[in-house]
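# Descriptive structure summary
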Amino acid sequence: MTEDNNTLKPLTLSNETLKPISYDAQNNAKPDFVPLANASTNQIKNKESNFIFFFGVGESGKSVILSSILYFLSSQAGVLRPKLGTPNTKEAQVLLADFFENIRQGILPNRTTRDQVTRLDLIFEPNNKSKKVPPINLTFLETSGENHKDISRGGTYHSSIEAYLNANIPLTFIIVTSYDNAHLEDTLINEFLDELERKGKNLKSINVILVVSKWDKSGRTDVSNEDELENFINERLPRTNTRINSYELNKTYFTIGSIENNGNGERITLLNLAPAEVLSNWLYESIVGYPLDYEGTFWERLKFSF
């Protein structure tokens, strides 16, 4: 886990972070999610990776957050490529291409299929050349929001999800709730945290972050002051907020930018990667212990200056 001084604070975004999108009306390609269904703990390969698990109900914004993180890491922070020899290397290449092409064109990702786990095994190589900022293996896991409702009132997850939660692998959890529906999900988020503790996950020693997505629905793409996000979470998610504060976990907000509905569905018209940068930096530092923009040791800085 990151130290207290690395806890995420609300962002103040400027117009410089907004990038106009131009899209080709003739390109109708849509991303398909690659399933890994009915897995058992013994069938999970490549356990040496860093696994990132997304929690959130349907239409909470998990797929949008995932695609924007991948886009930021590969377009601004370094090189992101499928890891050879993993269960879905070829499929991951196709999915990555769809994610990147669609977000460039303003197309939002499709919803994830129920009872299936979307798994992306990747290698991220940062642009930063410091030895303190090494390449890392990342395995992103995303599941249908309908499956997450299964744990409500003492229910159980589908076996494909249980396999990952029960496996002895390093797991980072990104808990997503939307600006417009957060008040409906306080109990379910706490049930998920209960589920993690039942499975032996110590919430004080694992990487967890709460993300309030679709912040643009507030009428803004930033927050007016540092208390705005805190007050929102405390008001809409009081139990979750108390638990997160008690365990000193992280929280932030997210928006993909400006979205318009042209009658044929929603499209991105202005892409904002600043929230994706915050999440990507938190993810990397929580795994490695050093930020992506680490300036290097004295000798490295001296070397880089020539």
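Residues numbered from 1 in each chain as written. Predicted model: local features only at pLDDT ≥ 70, side-chain atom pairs only at ≥ 80, totals over all residues. Heavy atoms only, no water.

## A look at helix α5 (residues 186–198)
The end-to-end C-alpha separation of α5 is 19 Å, in line with the 18 Å expected for 13 residues at 1.5 Å each. Turning to α5, its buried residues are Asp186, Leu188, Ile189, Asn190, Glu191, Phe192, Leu193, Glu195 and Leu196. After α5 finishes, the residue glycine 200 shows a positive phi value of roughly 85 degrees. (Helix = DSSP H or I, 4+ residues; strand = E, 2+ residues; numbered from the N terminus. Expected span 1.5 Å × (residues − 1). Buried < 20%, exposed > 50% of the residue type's maximum accessible area, 1.4 Å probe, protein only.)

## Details of the pairing of strand β6 (residues 171–178)
Side-chain direction in a regular strand flips from residue to residue, so the side chains alternate between the two faces of the sheet. Of all eight residues in β6, eight are buried, a share of seventy percent or more. Side chains of β6 alternate between two faces, with Leu171, Phe173, Ile175 and Thr177 and Thr172, Ile174, Val176 and Ser178 buried alike. Sheet topology note: the strand β2 (residues 50–55)/β6 ladder contains five bridges and is parallel. From the neighbouring strand, isoleucine 52 faces β6, where its bridge partner is threonine 172. (Pairing = 2+ DSSP bridges.)

## Here we look at the pattern of salt bridges
Taken as a whole, this structure holds 13 salt bridges when the rule is applied. Between glutamate 162 and lysine 199 there is a salt bridge; the shortest N-O distance is 2.8 Å. With glutamate 162 in helix α4 (residues 159–166) and lysine 199 in the loop between α5 and β7 (207–213), this pair connects stretches of sequence that are 37 residues apart. Judged by relative accessible area, which is 22%, lysine 199 ranks as partly exposed. (Salt bridge = Lys/Arg side-chain N within 4 Å of Asp/Glu carboxyl O.)

## Considerations on the packing of aromatic side chains
In total, this model carries twelve aromatic pairs according to the counting rule given. Ring geometry for phenylalanine 124 and tyrosine 284: centres 6.1 Å apart, planes at 80 degrees, overall edge-to-face. In this pair, phenylalanine 124 sits in strand β4 (residues 117–126) while tyrosine 284 sits in helix α8 (residues 274–288), placing the two residues 160 residues apart along the sequence. Note on tyrosine 284: relative accessible area 2%, which makes it buried. Every member of this aromatic cluster is reached through a ring pair, and the members are Phe53, Phe55, Phe173 and Phe192. Against the face of tyrosine 179 rests arginine 236, its NZ or CZ located 6.0 Å from the ring centre. (Phe/Tyr/Trp six-rings, centres within 6.5 Å; stacked < 30°, edge-to-face > 60°. Lys NZ or Arg CZ within 6 Å of the ring centre and 35° of its normal.)

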